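# Chains, contacts and geometry: an overview
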Amino acid sequence: MTQPSRPKAAPPVRQAPDTPPAPPRDPAPPAPRPDTEVVFDPATYTAGVPFDALARLRRDIPVAWVAEVPVLGWPAGPGFWLVLRHADVESVLRRPELFSSALGATQIRDPATPQALDYVRRMMLNMDPPEQSRLRRLLSRSFTPRAVAQLEDGIRGHARAICDRVFAGPGGECDFAKDVAADLPLLALADVLGVPEQDRWLLFDWSNRVIGYQDPDYASSAAFDPAAGTAMAAEALALRPAPDRDGRMPDPRTREGMPDLYAYAHLLAEEKRRRPGDDVMSILLAQADEGGGRVSAAEFENMFWLFAVAGNETLRNGLPGACIALLEHPEAQQALRADPSLLPVAVDEMLRWWTPVMTFRRTAARPCELGGQHIDAGEKVVVSFTSANRDEEVFADPDSFDIRRQPNPHLVFGHGPHFCLGAHLARSQMRALFEEVLARTSSLAYAGQPSYLRSNFQRGVKRLPVSWVAA
Ligand code: HEM
């Protein structure tokens, strides 16, 4: 596979022929960084999303070549095409035969070794149809109306319990990211996966290790009581890797990095085959596909990993992002309090405005054209949901937050064969939480500076100090 670099030609320097020599001046300020570099650098996002740079690129170079400069201790990469317009993002995502999820997987950075690539390709997210379609069909059928109704009941109960704890008394302050938003996705996920109540702390540990790999603020989270768990938890915990001398855990996006998660998933699957519950994963394990085949142990373990990450990290950022939308727009808060029936439509605008997952990657299977650019086989193609969701060709006044925006064809949950399987549950959680929060408060306001995740993949909120007054 060729790894072309695509240096851009330097702009021509214009000089008047008879200009007198310039007098000596203070040293010139450093040249501004190219928009593509700003957009790529994970450190950029600790100060917020560079919407101006994205808008310029979307207008001028809608399929832009981005050099992968070394960042965060990672070496330089071969570079990638960044797709910024809504129509082009859809066009990439609905053609898996041309823009593959399997060839190089779906993260911007290539897996470290061919074995690591092989490994992540056992996950539905990193497969192409028809392999992916089989697992997806089995899984979609496992979200039966009864199972979903039960999950939604659970979500409402969890949201009430969290808000009972946080919004007690006449008013106060909290960290919305940690105290309100962090628990709900994990509790809902534990219900989906059928993880016994006493083992739920394991999910907290795994998710913090995944998030912490990018941002050291999360790295050590293991505030749990192993004695309280099941025998499955104890067996898995014996395999938990130890942090290295710098306190860093191994890469959680590999099998070796999460041996405890895989061991637990294996034990849980055995238990569910022996004693099925009424959770989605028990239903999944009991199903057979058209050829009579069942979900294998390895498929289940990989699905467990995918859910534990996809179903948690995303919402853990989406919920505080939605809260920020309300803090920045007090008039929207009041409108939603006055008429809670606006919430289902508002939830989609909160998701569009924040867009928790900013990018996903494909690899070109053949040479092709996109947005006027020639793309070679083997090149990385990265779609920007953040940019597509602010595309002025699709959204009127795209930077404004309009809780009545309809239609709202945002791409927060992707598009095409990999469209998010948890979209319905994610929306249910957003609705349930904000129904409770808005009903219990008469105002929410910033009580300090939020702090954002250093990542070009997840638009994350680490801390969100909020003050509230009871309704
Ligand atoms: C706001 C929250 C969420 C966001 C922004 C989000 C976003 C996404 C996106 C963009 C994709 C497409 C990836 C691609 O095209 O390669 C995806 C796939 C997926 N999501 Fe979500 N997600 C969210 C919540 C959830 C939840 C709660 C679950 C599980 C309960 C979940 C499970 C999955 C799974 C299993 C896939 C892979 C589907 C496939 O490969 O066919 N997600 N998600």
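Let us look at the nonpolar core. Membership of the largest hydrophobic core comes to 102 residues, with the highest contact counts inside it found for F176, Y264, F304, M350 and F434. Here the element with the most residues in this core is helix 18 (residues 423-440); it accounts for nine residues. What Y264 contacts, discounting residues up to four positions off in sequence, is V195, P196, D199, L202, W206, T230, M232, A233, A236 and F304. Grouped together as the second largest cluster of nonpolar side chains are 21 residues, L98, F360, V383 and F385 included.

A separate point is the site of the ligand. Close to the ligand lie 25 residues, the nearest being Q132, R136, R362, H418 and C420. Contact between the ligand and Q132: an oxygen atom at 2.8 Å from a side-chain N or O atom of the residue. Every element with two or more residues in the shell around the ligand is listed here: helix 5 (131-142), helix 13 (297-310), helix 14 (313-328) and strand 5 (359-364). Top element by residues in the shell around the ligand is helix 13. It accounts for three residues.

Turning our eyes to something else, we now look at the pattern of salt bridges. Under the counting rule described, the total for this entry stands at 27 salt bridges. With its nearest N and O atoms 3.1 Å apart, the salt bridge here joins D205 to R209. Here D205 and its partner R209 are both found in helix 9 (residues 200-212), four residues apart, which amounts to about one turn of the helix. Considered together, D205 and R209 belong to a single accessibility category, that of buried residues. Put simply, E68, D110, R361 and K380 are held in one network by salt bridges that share partners.

Further remarks concern the coordination of the iron atom of the ligand. The protein gives the iron atom of the ligand a lone donor atom, C420 (SG), placed 2.3 Å from the metal. Along the chain, C420 falls in the loop between helix 17 (385-388) and helix 18.

An ideal rise of 1.5 Å per residue puts 22 Å on 16 residues; helix 14 measures up with 23 Å between its terminal C-alpha atoms. The buried count for helix 14 comes to 14 of 16 residues, which makes it a mostly enclosed element.

Attention now moves to the pairing of strand 1 (residues 63-66). Here strand 1 shows no split at all, with V63 and W65 on one side and A64 and V66 on the other all buried. Pairing of strand 1 with strand 2 (residues 80-83), which is carried by four bridges, proceeds in the antiparallel orientation. Note on strand 2: the bridge partner recorded for V63 is V83.

Reading the values: the criteria
Residues numbered from 1 in each chain as written. Predicted model: local features only at pLDDT ≥ 70, side-chain atom pairs only at ≥ 80, totals over all residues. Heavy atoms only, no water. Core = buried A, V, L, I, M, F, W, Y, C linked by side-chain atoms within 4.5 Å. Buried < 20%, exposed > 50% of the residue type's maximum accessible area, 1.4 Å probe, protein only. Helix = DSSP H or I, 4+ residues; strand = E, 2+ residues; numbered from the N terminus. Contact = heavy atoms within 4.5 Å. Near = heavy atom within 4 Å. Polar contact = N/O pair within 3.5 Å; in protein donor to acceptor, adjacent residues only side chain to side chain. Salt bridge = Lys/Arg side-chain N within 4 Å of Asp/Glu carboxyl O. Donors = N, O, S within 2.8 Å, 3.2 Å for Na, K, Ca; no water. Expected span 1.5 Å × (residues − 1). Pairing = 2+ DSSP bridges.

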